[in-house]
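# Tertiary structure, described
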Amino acid sequence: MSGLRRAFGPVTILDKFNLEVREGEAVALTGRNGAGKSTLLRCLVGADKPDDGTIEVNGTKLTESAVEIRRDMATVIDDLDFFPDLSVVEHLDLLARAHGLTDPEPVVDEILHEVQLIPQSGQLPGTLSTGQQQRLALATAFVRPRKLLILDEPEARLDSEGIRWLTTRLRQERNNGLAIVFASHDLSLVDGVATRTVHLSVIGAEDGHEALEGLTQSGPGQPTDFAKKDLRQPVNNQQAKKPKPSHGRRPKGSQSHRRHRG
Ligand SMILES: Nc1ncnc2c1ncn2[C@@H]1O[C@H](COP(=O)(O)OP(=O)(O)OP(=O)(O)O)[C@@H](O)[C@H]1O
């Protein structure tokens, strides 16, 4: 990401932001609520368009139609959103097949076991608990081929055992050569996974918090990333933030404990 700028009306969230992530690196984005972490990640996955700057993945410029980028990039960033009529196992099967796995069953079964959703594999997503929905969302990233993992607060809604699992899993992914960019408020996850931490901060905030600019890094010999934000201006409500999904929220009660696959 180079020279990235994103503003909402008069409010500049990111300015002159540079970040380079290599294979085997895990970059944690930290910072207070509203610092711009999700905005950055949404730009990175193409869900939002920066006002200025460029984003390249493996030398290919990011555009909505960049198939080769979407093929390599596994993401869990927005509010959970699933097909309401597909069971847990059908979701994972479908995703794996859509990404070219000809025999997804062993991979899907393994990840179902890992995220402890075997008993729920025949249920519809809307009947899962919120933590189980998060486990399903994370599983969707791990059943498909990937070179880059983009995760926004992947620890959200997980119990402490789930966070420990996630920490181990992401560390493995990193050690397997993946590049990871994730936003998190969980220090144990950041400490356990990140090779580098980019702290996004708000310049001149009026709420008395310490005003920081730019970057706090962990990990030796890393290039300097820089984020500059100014939120002293009036709030802009013109654009709705992260619209809620219109589906995938079935009331509980229609659950089946039978796996849909034979
Ligand atoms: N579509 C939008 N329209 C107007 N303002 C927006 C929009 N999207 C984000 N913002 C604003 O941009 C700022 C950064 O939001 P963002 O969601 O990126 O923060 P964050 O660091 O991810 O916060 P959190 O830790 O709470 O998840 C916030 O002040 C938010 O209100």
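Residues numbered from 1 in each chain as written. Predicted model: local features only at pLDDT ≥ 70, side-chain atom pairs only at ≥ 80, totals over all residues.

- Under the annotation held in an unreviewed UniProt entry, the chain carries the name ABC transporter domain-containing protein and is attributed to Microlunatus endophyticus.
- The heading Sequence similarities (unreviewed entry) in the UniProt record of the chain holds the text "Belongs to the ABC transporter superfamily." (UniProt positions renumbered as here; feature names shortened; annotations may be inferred.)

## Structural notes on unusual backbone geometry
- Unusually for a residue other than glycine, Lys16 sits at a positive phi of about 50°.
- Relative to the helices and strands, Lys16 is located in strand β2 (residues 11–17).
- Residue Lys16 is classed as partly exposed on the basis of its C-beta count, with 13 C-beta atoms lying within 10 Å.
- Although it is not a glycine, Gln116 sits at a positive phi angle of roughly 60°.
- Within the element layout of this structure, Gln116 appears in the loop between α4 (105–114) and α5 (130–142). (Helix = DSSP H or I, 4+ residues; strand = E, 2+ residues; numbered from the N terminus. Buried ≥ 20, exposed ≤ 12 C-beta atoms within 10 Å, placed from the backbone.)

## A look at the packing of helix α3 (residues 88–98) against α5
- Packing of α3 against α5 brings their axes to within 9 Å, and their N-to-C directions diverge by 20°. Judged by the inter-axis angle, α3 sits roughly parallel to α5. By crossing handedness, the relation of α3 to α5 is classed as right-handed. Facing α3, whose interface residues are Val88, His91, Leu92 and Leu95, α5 presents Leu136, Ala139 and Thr140.
- Residue classes in the contact of α3 with α5 are distributed as 5 nonpolar, 2 polar and no charged. (Axes fitted to C-alpha atoms, helices over the stretch in contact; angles between N-to-C directions. Parallel < 35°, antiparallel > 145°, perpendicular 65-115°, else oblique. Left-handed = near helix turned anticlockwise from the far one by under 90°. Contact = placed C-beta atoms within 7 Å. Nonpolar A, V, L, I, M, F, W, Y, C, P; charged D, E, K, R; others polar.)

## Some thoughts on the environment of Gly9
- With respect to the helices and strands, the residue Gly9 is situated in the loop between β1 (2–8) and β2.
- Judged by the 12 C-beta atoms lying within 10 Å of it, Gly9 is exposed.
- Taking the C-alpha atoms as reference points, Gly9 and Lys49, 40 residues apart in sequence, are found 14 Å from one another.

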